[in-house]
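Fold and geometry: a report
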Amino acid sequence: MEWLDAIIQGVLLGGLYALFATGLSLIFGVMRLVNIAHGDLIVLAAFLGLAMVNGTGVHPLISLVVIVPVMAAIGYALQRGILNLTLGRDILPPLLVTFGLSIIIQNVLLEVFSADTQRLKAGALETASIAIGEQIAIGWFPLIVFLSAVGVIAALQLVLFRTRLGTAFRATSDDHETAALMGIDNRHVFALAMALALAVVALAGTFMAIRTNFSPAIGPARLLYAFEAVIIGGLGSLWGTLAGGVILGVAQAIGAKFHPGGQILAGHVAFLIVLVLRPNGLFPRTRDR
Amino acid sequence: MSGTPETVLATHELTAFYGDFQALFGIDVHVGRGETVAIIGANGAGKSTFLRSVVGQLPSEREQVTHEGKPIGHLQAHEIVRRGIALVPEGRLLFPSLSVEENLRLGAYGKRAGPWKIERVHELFPVLRERRATPGTALSGGEQQMCAIGRALMSNPTLLLCDELSLGLAPVIIRQIYAVLPVIVSEGTTIVVVEQDINQALDVADRVYCFQEGRVSLQGRPDDLSREDVATAYFGV
């Protein structure tokens, strides 16, 4: 029963990792951009949530009504103003620029919010749970996070495969020069993809901030989890990313059962095993061209 | 419109560069409304470069290209398509992630009004209706070419540029594809075809330009050009 509980908690934690990873997967898929600042943007969203909750006293989940559009706007401006200029045949410039951005975000957060660890308080929601049998309880909050991840990925799939914008995303991903011949403004489409990615980041950052302590320095570790979830799932597959998040979450939960310090290590080991056995991930969609 | 046809496309001393390499040396081309103009020339004469410059894939000066009298040389590719110039690129370049139908519908991304809707394209190329759900790149070469033409038509262009329609296709397929050009013209679309196959080009065109090493070496109506003139202009011998 204890093990079953660990697996259930791991699956639910995987929902959070999938949310970390979805934005990363989307922008890599659309514009082949590896965003090193992704983890720091998650932390930025958490701090924006903190500032709003402290300033207005609203519940963190209500703050999403503001934080999601604000992060989307930041994403659009960031892509249009800076990152579009780095895209080209060479993959190095976007790596370097987003690496620099990562350092800038960390230091600005440090300057504004100090290095103290913070937490978003969600009141009774933090401890509310559904009891299943005697030994297993599913927390409402982890369940909400997991269902949000499923909902976000389902919604993104609908956007990608059922809308005009989604068709433009896929076409641009295939061949952006020919996409321009269809009347697609790549700069605008890329900026919309980043806006969508950072809207998901806003959700991920706020959920993370309710679930765990956070400080300006924890971005790179979130980036690592996001990378691992994307790679385990297979590049370019959003459902694969969810599966990757879940595998990572379950591995961590099981690792924690063996040894209190084994949580993080077990996640990385699971990642390495997948990488050795299936270098393209479990559900790859993207082919190298 | 008076006696002389309105100019749809004109280039003025058009130059083009790939880095330091100059590919076009002052090209002057005029295309009147409703015309079918062929550009012929050997490999490397600058035919495709010319089309890429017109659609904004290669940079040019503002006044070097005009469309319906307005300068478009400074515009980017997506802006030029929205003004009514569509390119059927060399090698078709369908989107592999998109189905045949999605490829076609994406052509209408700019939402220009006009006669070309998906039903009309299906009428022109019925095979595209049958294979609508197939990935674009799973089609045969000829079907891909049809899809690429259909996709360009979906943008309702006033000017359709076709780059090497016959490349890599069987003669019977080439005849099929060339047979639809008059239908397209009858809808009010002006056509420029770039072609290595001289006979095919002379058959279909109202006027012909021959390019040689980035310059116009000959122009005129097919009936007015002798075989010797064309051969000299084509091969430079």
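Quick note: structure is the one above.
Computed from a prediction, not measured in an experiment: that's the story for all the values here.

Turning our eyes to something else, we now look at the overall build of chain A. Within chain A one finds eleven helices and two strands. By principal-axis analysis of the C-alpha atoms, chain A measures approximately 60 × 45 × 35 Å. The buried share of chain A, taken over its 289 residues, is 53%. Carbon together with sulfur atoms contributes 68% to the accessible area of chain A, which is approximately 12,600 Å² in total. When the 16 basic and 14 acidic side-chain charges of chain A are each reduced to a single mean position, those positions are 8 Å apart.

When the terminal C-alpha atoms of helix 5 (residues 140-162) of chain A are compared, their 32 Å separation across 23 residues agrees well with the 33 Å that a helix rising 1.5 Å per residue should span. Within the span of helix 5 of chain A, buried status applies to A:F141, A:P142, A:L143, A:V145, A:F146, A:S148, A:A149, A:V152, A:I153, A:L156, A:Q157 and A:L160.

What follows covers the packing of helix 2 (residues 38-56) of chain A against helix 4 (residues 92-113) of chain A. Residues and elements named next belong to chain A. It is the contact of helix 2 with helix 4, at a shortest axis distance of 9 Å, that shows an interaxial angle of 25°. Taken together, helix 2 and helix 4 sit at an angle that is classed as roughly parallel. You can see that helix 2 and helix 4 cross each other, and the crossing is left-handed. Together, D40, L41, V43, L44, F47, L50 and A51 of helix 2 and S102, I105, Q106, L109 and F113 of helix 4 make up the contact between the two elements. Looking at the contact of helix 2 with helix 4, its residues break down into nine nonpolar, two polar and one charged.

Bringing the interface of chain A and chain B into the picture now. At the interface, 19 residues of chain A touch 21 residues of chain B. Contact between chain A and chain B buries roughly 2,000 Å² in total, counting both sides, with carbon and sulfur atoms accounting for 59%. Among the residues of chain A in contact with chain B, A:R164, A:L181 and A:M182 are the three that bury the most area, contributing 35% of the side total. On inspection of chain A and its partner chain B, the count reaches two salt bridges. Between B:E102 and A:R170 there is a salt bridge, with the nearest N and O atoms lying 2.6 Å from each other.

Residues and elements named next belong to chain B. Read from one edge of the open sheet, six strands run 6-7-8-3-9-10, paired in mixed fashion. Lying at the two open borders of the sheet, with one neighbouring strand each, are strand 6 (85-88) and strand 10 (215-220). In this sheet, neighbouring strand axes are inclined to one another by 20° on average, regardless of whether the strands run parallel or antiparallel. In the sheet, strand 7 (residues 159-163) pairs with strand 8 (residues 190-195) via five bridges, with the strands oriented parallel.

Let's shift gears to the pattern of salt bridges. Tallied over the entire structure, the rule returns 15 salt bridges over all chains. A salt bridge links B:R52 to A:E177; the nearest nitrogen and oxygen atoms lie 3.6 Å apart. Separated into two different chains, B:R52 in helix 1 (residues 47-54) and A:E177 in helix 7 (residues 176-181) make up a pair that spans both. Among the ionic pairs, B:K47 bridges to B:E164, the shortest N-O distance being 4.0 Å. With B:K47 in helix 1 and B:E164 in the loop between strand 7 and helix 7 (171-179), this pair connects stretches of sequence that are 117 residues apart. For the pair B:K47 and B:E164, one class covers both residues: buried. Because the salt bridges share partners, they merge into one network encompassing A:R80, A:D185 and A:R187.

Let us now look at the nonpolar core. Soluble globular proteins tend to pack their nonpolar side chains together in the buried interior. Core analysis: the largest hydrophobic core is formed by 109 residues, its most contacted members being A:L19, A:F20, A:M71, B:F50 and B:L161. If we ignore the near neighbours within four places in the chain, the residues touching A:M71 are A:L41, A:L44, A:A45, A:L48, A:L198, A:V201 and A:A202. Ranked by size, the runner-up nonpolar core spans 46 residues in total, among them B:A38, B:A86, B:L165 and B:L225.

Within the structure shown, the criterion is met by eight aromatic pairs over all chains. Centroid distance A:F47 to A:F113: 4.6 Å. Interplanar angle 35°. Geometry classified as tilted. Placement of the pair is A:F47 in helix 2 and A:F113 in helix 4, with a sequence separation of 66 residues. Three or more aromatic residues link up through ring pairs in this structure, and these residues are A:Y17, A:F20 and A:Y225. Between the NZ or CZ atom of A:R32 and the centre of the ring of A:F28, over which it lies, the distance is 5.4 Å. Here B:R215 stacks its cationic end above the ring of B:F25, 4.3 Å away from the centre of that ring.

As a volume, the largest pocket reaches approximately 1,200 Å³. What lines the largest pocket is a set of 40 residues, among which A:G88, A:H176, A:E177, A:N186 and A:F190 lie closest to the centre. Contributions of two or more residues to the lining of the largest pocket are made by helix 1 (2-31), helix 3 (60-86), helix 6 (164-174), helix 7 and helix 8 (186-211) of chain A together with helix 2 (77-82) of chain B. For the lining of the largest pocket, the per-class residue count stands at 15 nonpolar, 14 polar and eleven charged.

Turning our eyes to something else, we now look at the sheet that holds strand 1 (residues 7-18) of chain B. Within a sheet, adjacent strands bond to each other through the backbone by hydrogen bonds, running parallel or antiparallel. All names here are of chain B. Taken together, the four strands give an open sheet; going across it, the order is 2-1-4-5, and neighbouring strands pair in antiparallel fashion. The sheet terminates laterally at strand 2 (21-32) and strand 5 (70-71), the two strands that pair on one side only. Strand direction decides the pairing type here: strand 1 and strand 2, joined by nine bridges, are antiparallel. Paired with A10 across the strands is H30, a residue of strand 2.

Turning our attention to the side chain of A:N35. Residue and element names in this part refer to chain A. Inspection of the secondary structure puts N35 in the loop between helix 1 and helix 2. From its side chain, N35 meets the backbone nitrogen of A37 in a polar contact 3.0 Å long. In this view, N35 contacts L24, I27, L41, T98, M194 and L223; residues no more than four positions away in its chain are not counted.

Definitions and limits used
Residues numbered from 1 in each chain as written. Chains lettered and ligands numbered in written order. Predicted model: local features only at pLDDT ≥ 70, side-chain atom pairs only at ≥ 80, totals over all residues. Heavy atoms only, no water. Helix = DSSP H or I, 4+ residues; strand = E, 2+ residues; numbered from the N terminus. Buried < 20%, exposed > 50% of the residue type's maximum accessible area, 1.4 Å probe, protein only. Areas by Shrake-Rupley, 256 points an atom, 1.4 Å probe, with all protein chains shown as cover. Lys, Arg positive; Asp, Glu negative; His and termini not counted. Charge placed at Lys NZ, Arg CZ, Asp CG, Glu CD. Expected span 1.5 Å × (residues − 1). Axes fitted to C-alpha atoms, helices over the stretch in contact; angles between N-to-C directions. Parallel < 35°, antiparallel > 145°, perpendicular 65-115°, else oblique. Left-handed = near helix turned anticlockwise from the far one by under 90°. Contact = heavy atoms within 4.5 Å. Nonpolar A, V, L, I, M, F, W, Y, C, P; charged D, E, K, R; others polar. Buried area = accessible area lost by both parts, 1.4 Å probe. Salt bridge = Lys/Arg side-chain N within 4 Å of Asp/Glu carboxyl O. Pairing = 2+ DSSP bridges. Core = buried A, V, L, I, M, F, W, Y, C linked by side-chain atoms within 4.5 Å. Phe/Tyr/Trp six-rings, centres within 6.5 Å; stacked < 30°, edge-to-face > 60°. Lys NZ or Arg CZ within 6 Å of the ring centre and 35° of its normal. 1 Å grid on protein atoms, 1.4 Å probe; cavity = no way out; pocket = protein on both sides within 12 Å on 5 of 7 lines; lining within 4 Å. Points joined across faces, edges and corners; volume = space filled by probe spheres on them. Polar contact = N/O pair within 3.5 Å; in protein donor to acceptor, adjacent residues only side chain to side chain.

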